[in-house]
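Here is how the chains run, residue by residue.
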Amino acid sequence: MEIRQLRYFISVAEHLNFTEAAKQLFVAQPAVSQQIASLEKAIGLKLFLRDKHSVQLTPAGRVFLNDAIEMLNKSEEAVIKAKKAAWVKLDN
């Protein structure tokens, strides 16, 4: 599972639309579809129910969304902490 996949998953979950998620992410829609399929394969669960006219989160997808947001936030916090630590080291 990659951070990019989490970002794509969260965007699709927020929009319930692959095309709109792709626009928000500034990527092509097939790239979003590929990353979601790869994420679902990696975790062994379907996260979305999709047909030609709609996209919905599965029950597993709803649960995963909360943790995906938390994981993404934690990864961003880790980068900020590392940058702060690097600056403190440089100042000494």
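What you see is a predicted model, and the numbers here were worked out from it, not measured in a lab.

### Description of the pattern of salt bridges
Here's step 1: Under the counting rule described, the total for this entry stands at five salt bridges.
Here's step 2: Between Glu40 and Lys46 there is a salt bridge, with the nearest N and O atoms lying 3.6 Å from each other.
Here's step 3: For Lys74, the salt bridge identified is with Glu77, shortest N-O distance 3.9 Å. One end of the pair, Lys74, and the other, Glu77, are both in helix α4 (residues 59-91), three residues apart, so they sit about a helical turn from each other.

### Things to note about the nonpolar core
Here's step 1: Among the nonpolar cores identified, the biggest contains 20 residues, and Phe9, Val12, Phe18, Val32, Ile36, Phe48 and Phe64 are the most heavily contacted of them.
Here's step 2: Beyond its immediate chain neighbours, meaning those up to four positions away, Val32 contacts Tyr8, Val12, Phe18, Ala22, Leu25 and Val27.

Reading guide: rules and limits
- Residues numbered from 1 in each chain as written.
- Predicted model: local features only at pLDDT ≥ 70, side-chain atom pairs only at ≥ 80, totals over all residues.
- Heavy atoms only, no water.
- Salt bridge = Lys/Arg side-chain N within 4 Å of Asp/Glu carboxyl O.
- Helix = DSSP H or I, 4+ residues; strand = E, 2+ residues; numbered from the N terminus.
- Core = buried A, V, L, I, M, F, W, Y, C linked by side-chain atoms within 4.5 Å.
- Buried < 20%, exposed > 50% of the residue type's maximum accessible area, 1.4 Å probe, protein only.
- Contact = heavy atoms within 4.5 Å.

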